[in-house]
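Examination of the molecular architecture
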Amino acid sequence: MRAARTAYPLTWRIMDALEAFAAAVWPARFDRAIPWLMLAPALLLVGLLVLGLIQIADTSLRTLDTSTFLMSEEYTLANYNRALTESLFATVAMRSLVGSLIVTVITLILAFPYAYMMVRTSSAILRKLLLIALFLPFFIGQVVRAYGWLIILGNQGIVNEAFGLIGIEPLRLLYNYPAVLFGLVQYMLPFAVLMAAPALTAISEELELAAGSLGADWVRTFAYIVLPLARPGLIGAGIVVLTLSLTDFAMPAILGGGSQDFIANAIYDQFFRTSDQGLGSTLALLLVAIGSLLVGLLFTLFGAGTLAMNKVRR
Amino acid sequence: MTGALSKKIVLWAFVITVLVMLSAPTIVVLGASFTAGNMITFPPEGLSLKWYARIAGASDLRDAFLRSLYVATICTLIAVPAGTLAGIALAKYAVRFQKTVQIYLLLPFTIPLIGSGIGLMLVLGEARLLGQLWPVGVACCVINLPFMIWAVSASAASLDPDLELAAANCGAPPLSTFFHVTLPAVVPGVISGSLLMFILALNEFLVSLLLVDARIVTLPVLIYNSIRSIITPDLAAISVVFIACAAAAVFLLDRLVGLDIFLKSK
Amino acid sequence: MTDKLLTARLTRRRVLQGASALGAVGFSSLSLPRAFAQEPAKPRELIVRAWGGSWVDSLKAGVSDPFTAETGIAIRHDLTEDNEIQPKIWAAVAQGRTPPIHVNWDTTVNATKSALRSVTEDLSDLPNLQNTTELAKPVGLDGYPIVNTYGYVYVLAYRPGAFPDGPPTSWKVLLEPRFKGRIALYNDGIGFHFPAQVAGGGKLEDIPDNMQAAWDFIAEVKKQQPLLGEDPDFTTWFQKGEIDVACTISTNAREAQKNGIDIAWVVPEEGAKFDTDGLWVPKGLPENELYWAKQYVNFALSKEAQQVWLDGLGLPGVVPGLEPPADLADDPAYPTTGEDFNKLIRISSKVQVENESDWFAKFKAIMQG
């Protein structure tokens, strides 16, 4: 004889009720729409950003009236005119683009060996140490790290003291372009390593051994085997570092001394120094456009590399 | 690791350079917080815990820190369901318009942080929601969501579909399969994703700068404002609290999931 | 028997005492509701925006701490930059939300912008206004939407060690090659535009129509790779030996002086900008918080508060009869006589309000290029 319903555990009964509810609310013929249901919350959340973009676009078409300091009611393209013609913005844009390219190259060069060592080492302790050294700064945040460099590179900081020991006058190490680039590189390193490492893991060590046994020294192995196979990692890392450093705010602000503005700083200035929301929104929109075009271009040319989130083809 | 001595030397040179670059600020801030003097220097002038005593009593620092924790909690609470479902959906199912959805969900990455921040500031302002703390949590969630989805989809990608078929074969209805087979398999991704979200929200600086004001200032913004003022060692001390949180998170991440998960191939 | 008498007397005395006590309590309880009706409920804290470093320290010593001692309301100082809190306050008022701060310690020019936008509360009914000089009244605005609290000079501060032959006499000293990378200005150029106009060969009468002389001079200064920062940066840079000359408010140089660094300042022959700072209260505060915010501003205008506050800043106030600090008697940064003011450049708030955004933009463009 079957046991009474009440003999079933509570969790089973709850699950039964939930299943019945789900079956009623979502009949089987809608099963193909299940992924959309699952994607819905994320899509809605990101939708907030889309709303934000629309709002920015709307504000970018209004100008500031300096007698009342209110935004104009009518729409006008005057802000776009200013953004595209004033030399200040051209300078800042050029500085940001060139800077981010330099930072990307240097970061990739530094991150790759680190990722390689991390993946290839046989010592679990070393791997753990390298991972911790990577994650700790990642979790500490930009502001505290920039602040640490302010102390180290200042006129009376350790580096200048060391220089003093060997007789060099204190150098101005901060508040210039190299300082900002350096700050960006050290901030981007964890991102780059995290993007490159999965690709390196996928390369079997036997391939390198095989190349070696065929007569290639380690440099040739690196250039002809490892690098090409690690391409997805380099692409993923490159895209992330490029976009993040192009649009960074904290490093140019803290390490730049006010003369090394990047695009994000210029946008911030417009919103919070001159109170011209219209011009600030225009710059923000232009930056979004440039950023998206860049990423779209790179995706189309190279694919998303390790940045991809899709189903793994087996 | 294969290779000649020259390879080892070259590799180690790079690794040590990177290690120094990564750890130097942390060590310096740590050291400077123990100074007995009044100015921020490294090496510190004498050792003392007086700055820690100071921040323990500084109610504005403590309040800011609690607010940061609150924001991080809200962010993680929203991110976990939204990101997990999305990550599983993307990894398991072949959705139509797959590429478009991916690009759409990567928007928080492609839209520069300043653009997202300003957009959210304008939208939340219109909705009269500025001046409260929970919208900041939502904003932090939105801008970091790709991390969560990325972590979960990586875990879900290695889930063998046969397991779910086997469960169905044994008579498990869909929800049961989901809760008993799918979810446990992606738990590593969920855990690493949520730790990531929590810490990222705790440290979130730019978007918070735009969305908070004096009544609801969070700790990174407070530190930034103070850096632009006089830099005193109590800032170093409070930064050490941040470092401690980061260390705790790293430890947790390692304990629960293992840091190696980030090395897994894609 | 005697004890009974004594007891009886004591009892009567006690009764009388008790009665008078009751009467007193009754009396005060009658007046208590009246007292409550006069003073609205006190908020837990008031948030006052201030510049960091010696500025907020002086405000604390002169105004905030005594205010807290007298009323019991804690004061929290927000160090967000004046330019950055402005759009947040404007947005809050426009959207009908509570503004982020109660009292804004702001430059008069910025405060005027807010007043023009009608986001400030009227301060004309503050009792201590009766006892202030002309300087306290904002120019070009009706009544007191803001109230000026002191004046200051953007001086040429310098390290005497770098000038063995005597103090500098002209702003052109910023262009000397030996000071490359060792000069500093405010990051929005404030305080420098007008002396630059004169130093560049132009005339003050041409402000704002033709300021090419100023921009040319600033372009020359740009080649010297100046450090650009805010108030506390100047003090830090002087203290750490990063700069030798700066265009800054005397307060910041004086702060480094107090910390033992050798600093001096002059008003060069081309002149130096004189301007005022003030306090204002944003609209949208709850009734009781508005009341106490105005009490705070009123308190800041009292002679005692001004004396201590401005001693810390080393600046002339708006209340007659203030004693200048001993180290600043006859100092050009502490103008008291007409002769002192003749050396200073004063441009009307109206002109500044209308043109400041353009000047900021031009300065930024030159400095970033």
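Up top is the structure these notes are about.
One structure accompanies this document, and this report is about it. These figures come from a predicted structure and were not determined experimentally.

**Observations concerning the overall build of chain B**
On a plain count of helices and strands, chain B comes out with 12 helices and 0 strands. Secondary structure elements of chain B, listed N to C terminal, follow the sequence α-α-α-α-α-α-α-α-α-α-α-α. Taking all 266 residues of chain B together, 59% fall into the buried category. Expressed as a percentage of contacts within chain B between residues at least 6 apart in sequence, the contacts between residues at least 24 apart total 71%. For chain B, the computed accessible surface area is about 10100 Å², with 70% contributed by carbon and sulfur atoms. Charged side chains of chain B number 15 positive and 12 negative; the gap between the two group centres comes to 3 Å.

**Re the interface of chain A and chain B**
The interface is formed by 99 residues belonging to chain A together with 111 residues belonging to chain B. Across the chain A to chain B interface the summed buried area is about 9600 Å²; carbon plus sulfur atoms make up 82%. If you look at where chain A meets chain B, you find 2 salt bridges. One salt bridge connects B:Asp254 with A:Lys128, and the closest N-O pair in it is separated by 2.8 Å. On the surface where chain A and chain B come into contact, there are 6 residue pairs in polar contact (both at pLDDT 80 or more). With 20 residues, the single largest contributor to the side of chain A that touches chain B is helix H2 (residues 34–60) of chain A. Split into classes, the residues belonging to the side of chain A that touches chain B amount to 76 nonpolar, 13 polar and 10 charged.

**A short note on helix H7 (residues 231–239) of chain C**
Residues and elements named next belong to chain C. Burial analysis of H7 places 8 of its 9 residues in the buried class, the great majority of the element. Every buried residue of H7 is accounted for by Asp 231, Pro 232, Asp 233, Phe 234, Thr 235, Trp 237, Phe 238 and Gln 239. Packed against the buried residues of H7 are helix H2 (54–71), strand S4 (147–158), strand S5 (183–186), strand S6 (227–229), strand S7 (245–249) and helix H8 (250–258). Trailing H7 by a residue or two, Gly 241 shows a phi angle of about 70°, which is positive.

**As for the pattern of salt bridges**
Across all of its chains, the model carries 22 salt bridges over all chains by this definition. Its salt-bridge partner being A:Arg120, residue A:Glu208 comes within 2.8 Å of it at the nearest N-O pair. Of this pair, A:Glu208 sits in helix H9 (residues 205–213) while A:Arg120 sits in helix H4 (residues 87–120), and the two are 88 residues apart along the sequence. The salt bridge partner of C:Asp244 is C:Arg182, with a shortest N-O separation of 2.8 Å. With C:Asp244 in the loop between H7 and S7 and C:Arg182 in the loop between S4 and S5, this residue pair connects regions lying 62 residues apart in the sequence. Using a relative accessible area of 23% as the deciding quantity, one classes C:Arg182 as partly exposed. A single salt-bridge network, built from bridges that share partners, covers A:Arg120, A:Glu208 and B:Lys7.

**Comments concerning the nonpolar core**
Within the largest apolar cluster, 273 residues are counted, with the highest numbers of intra-cluster contacts made by A:Tyr114, A:Phe139, C:Trp105, C:Tyr150, C:Phe192 and C:Trp309. The dominant element in this core, judged by the number of residues it contributes, is helix H8 (residues 177–202) of chain A, at 15 residues. The contacts of C:Phe192, once residues within four sequence positions are left out, are C:Trp171, C:Leu174, C:Leu185, C:Phe217, C:Ile218, C:Val221 and C:Cys247. Grouped together as the second largest cluster of nonpolar side chains are 12 residues, C:Ile47, C:Ile85, C:Trp90 and C:Ala111 included.

**Focus: helix H12 (residues 233–256) of chain B**
Compared with the 34 Å implied by 1.5 Å per residue over 24 residues, the 35 Å span of H12(B) between its first and last C-alpha is a close match. Within two residues after H12(B), B:Gly258 carries a phi angle of roughly 90°, on the positive side.

**A closer look at the side chain of A:Asp248**
All names here are of chain A. Its place among the elements puts Asp 248 in the loop between helix H11 (231–246) and helix H12 (250–255). This buried residue, Asp 248, is left without a salt bridge; Arg 145 holds the nearest opposite charge, at 9.9 Å. In this structure Asp 248 touches Gln 142, Leu 184, Tyr 187, Phe 262, Ala 264 and Asn 265, once residues within four positions along its chain are discounted.

**Considerations on the environment of A:Ile158**
Summarising the element assignment, A:Ile158 is placed in helix H7 (residues 158–165). Each C-alpha atom of the pair A:Ile158 and A:Trp218 lies 37 Å from the other, and the pair is 60 residues apart in sequence. The residues touching A:Ile158, leaving out its near neighbours within four places in the chain, are A:Ile151, A:Ile152, B:Val28 and B:Phe42.

**Section: the pairing of strand S3 (residues 103–107) of chain C**
Residues and elements named next belong to chain C. Among the 5 residues in S3, 5 count as buried, and that is most of the element. Sheet topology note: the strand S1 (residues 45–49)/S3 ladder contains 2 bridges and is parallel. Directly across from Val 48, in S3, lies its bridge partner Val 103. In the sheet, S3 pairs with strand S9 (residues 272–280) via 4 bridges, with the strands oriented antiparallel. By the bridge assignment for S9, Thr 107 is matched with Asp 277.

**Some thoughts on the interface of chain B and chain C**
Listed as interface residues are 20 residues of chain B and, on the opposing side, 25 residues of chain C. Summed over the shared surface of chain B and chain C, the number is 1 salt bridge. In this structure, B:Arg215 and C:Glu289 form a salt bridge, with 3.6 Å as the shortest nitrogen-oxygen distance. Inspection of the region where chain B meets chain C yields 8 residue pairs in polar contact (both at pLDDT 80 or more). Residues of the side of chain B that touches chain C, tallied by class, amount to 9 nonpolar, 4 polar and 7 charged.

What counts and what doesn't
Residues numbered from 1 in each chain as written. Chains lettered and ligands numbered in written order. Predicted model: local features only at pLDDT ≥ 70, side-chain atom pairs only at ≥ 80, totals over all residues. Heavy atoms only, no water. Helix = DSSP H or I, 4+ residues; strand = E, 2+ residues; numbered from the N terminus. Buried < 20%, exposed > 50% of the residue type's maximum accessible area, 1.4 Å probe, protein only. Contact = heavy atoms within 4.5 Å. Areas by Shrake-Rupley, 256 points an atom, 1.4 Å probe, with all protein chains shown as cover. Lys, Arg positive; Asp, Glu negative; His and termini not counted. Charge placed at Lys NZ, Arg CZ, Asp CG, Glu CD. Buried area = accessible area lost by both parts, 1.4 Å probe. Salt bridge = Lys/Arg side-chain N within 4 Å of Asp/Glu carboxyl O. Polar contact = N/O pair within 3.5 Å; in protein donor to acceptor, adjacent residues only side chain to side chain. Nonpolar A, V, L, I, M, F, W, Y, C, P; charged D, E, K, R; others polar. Core = buried A, V, L, I, M, F, W, Y, C linked by side-chain atoms within 4.5 Å. Expected span 1.5 Å × (residues − 1). Pairing = 2+ DSSP bridges.

The values are spatial; any link to function lies outside them.
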